[in-house]
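Listed below are the residues making up each chain.
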Amino acid sequence: AQKVTQAQTEISVVEKEDVTLDCVYETRDTTYYLFWYKQPPSGELVFLIRRNSFDEQNEISGRYSWNFQKSTSSFNFTITASQVVDSAVYFCALILNRDDKIIFGKGTRLHILP
Amino acid sequence: EPEVTQTPSHQVTQMGQEVILRCVPISNHLYFYWYRQILGQKVEFLVSFYNNEISEKSEIFDDQFSVERPDGSNFTLKIRSTKLEDSAMYFCASSGRGAPGELFFGEGSRLTVL
């Protein structure tokens, strides 16, 4: 069975600090995709990144970076120099290549304190 | 940029009433989905729809739920007789199958059952 675990339920950091959100996934499939979504207080789901299982290159987009390690089944998300606007719930998710439903983790609620 | 739109953004209803949530997927997309998020919890798959029929549904999607694509543009979720536990945010998503998991989510419809 497939599973996504976000062990950190809630994190608070002071603005400008770096913060890493952890994500560990489980699947026996060799082809799959991993995602991060942001859910701000307004409630919508904002797509941040998709990564396929064959691409372990780390990715950086502005203040965001992602570290994908198949050896540890992890897909961690780092926000550098955090800002108050980064406050949101962040979901890690998994989808199999043979399937079309996304499996979400329980989310990590991130508070950036001014 | 094309987007998935959902109406209403928020609906309050009495227990036992029928509710219809509407979605307009991205116009050239072929795969449609409903997901649900109970307040403070993770996002859960409800149902997928392709070629005018349900392709997969979760155990949550019982006989009280139905989906329909009444015309070429709308995709609806009907809850026949709402229960208190149906209170949640309902997300519609669509996919053109450009890549597995390339789902585009709407902003959600918040349903409150009293």
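Below: a short report on this structure. (Residues numbered from 1 in each chain as written. Chains lettered and ligands numbered in written order. Predicted model: local features only at pLDDT ≥ 70, side-chain atom pairs only at ≥ 80, totals over all residues. Heavy atoms only, no water.)

### Observations regarding the state of the cysteines
All names here are of chain A. Definition in use: Note on terminology: disulfide denotes any pair of cysteine sulfur atoms within 2.5 Å. Secondary structure elements follow DSSP: runs of H or I of four or more residues count as helices, runs of E of two or more count as strands, with numbering from the N terminus. Only protein chains enter the accessibility calculation, which uses a 1.4 Å probe; a residue whose area is less than 20% of its type maximum is buried, one above 50% is exposed, and one in between is partly exposed.
Per the stated rule, a full pass over the model turns up two disulfides over all chains. The disulfide that involves Cys-23 links it to Cys-92, with 1.9 Å between the sulfurs. Taking the sign of the torsion about the S-S bond as the criterion, the disulfide between Cys-23 and Cys-92, at about -65°, is left-handed. Of this pair, Cys-23 sits in the loop between strand S3 (19-21) and strand S4 (24-26) while Cys-92 sits in strand S10 (residues 88-96); the two residues are 69 residues apart in sequence, bridging distant segments of the chain. Of the two residues examined, Cys-23 and Cys-92, each falls in the buried class.

### Digging into the sheet that holds strand S8 (residues 75-79) of chain B
Residues and elements named next belong to chain B. Note the following rule: Two strands form a pair only when DSSP identifies at least two bridges running between them. Every axis corresponds to a line fitted to the C-alpha atoms, with the helix fit spanning only the stretch in contact, and the corresponding angles, defined between N-to-C directions, vary from 0 to 180 degrees.
Across the sheet, four strands lie side by side as S1-S3-S8-S7; this open sheet has antiparallel pairing. For this open sheet the edge positions go to strand S1 (5-7) and strand S7 (65-68), each flanked by a neighbour on one side alone. The sheet shows a mean angle of 20° between the axes of neighbouring strands, direction not considered. Summarising the sheet, S7 and S8 pair through four bridges and their orientation is antiparallel. Among the inter-strand pairings, Val-67 is bridged to a residue of S8, identified as Leu-77.

### Description of the pairing of S7 of chain B
Going residue by residue along S7 of chain B, you find Phe-65 and Val-67 of chain B tucked away on one face and Ser-66 and Glu-68 of chain B left uncovered on the opposite face. Taken together, S7 of chain B and the strand that follows it, S8 of chain B, pair antiparallel across an intervening segment of six residues.

### Some remarks on the pairing of strand S9 (residues 88-95) of chain B
Residues and elements named next belong to chain B. The buried fraction of S9 is high, at eight of eight residues. Burial along S9 is two-sided: Ala-88, Tyr-90, Cys-92 and Ser-94 facing one way and Met-89, Phe-91, Ala-93 and Ser-95 facing the other are all buried. Here seven bridges tie strand S4 (residues 31-37) to S9, and the two strands are oriented antiparallel to one another. Residue pairing for S9: Gln-37 is matched across the bridge by Met-89. Pairing of S9 with strand S11 (residues 109-113), which is carried by three bridges, proceeds in the antiparallel orientation. By the bridge assignment for S11, Tyr-90 is matched with Ser-109. The sheet contact formed by S9 and strand S10 (residues 104-105) spans two bridges and is antiparallel. Residue Ser-94 lies in a different strand from S10, and its bridge partner there is Phe-104.

### Details of the nonpolar core
Note the following rule: By nonpolar core we mean a set of buried residues, namely Ala, Val, Leu, Ile, Met, Phe, Trp, Tyr and Cys, connected to one another through side-chain atoms within 4.5 Å. Any two residues whose heavy atoms approach within 4.5 Å are treated as being in contact.
Ranked by size, the top nonpolar core spans 25 residues in total, and within it Trp-36, Trp-66, Phe-75, Phe-77 and Tyr-90 of chain A carry the most contacts. Looking at this core, the elements with two or more residues in it are strand S2 (10-14), S3, strand S5 (32-39), strand S6 (46-52), strand S8 (64-69), strand S9 (74-79), S10 and strand S12 (108-113) of chain A. Per-element tally for this core: the top contributor is S10 of chain A, with five residues. Apart from residues lying up to four places away in sequence, Phe-75 of chain A is in contact with Cys-23, Leu-34, Phe-35, Trp-36, Ile-49, Arg-51, Trp-66, Asn-67, Phe-68 and Cys-92 of chain A. Residues Val-4, Leu-46, Phe-61 and Phe-65 of chain B belong to the second largest nonpolar core, which totals 22 residues.

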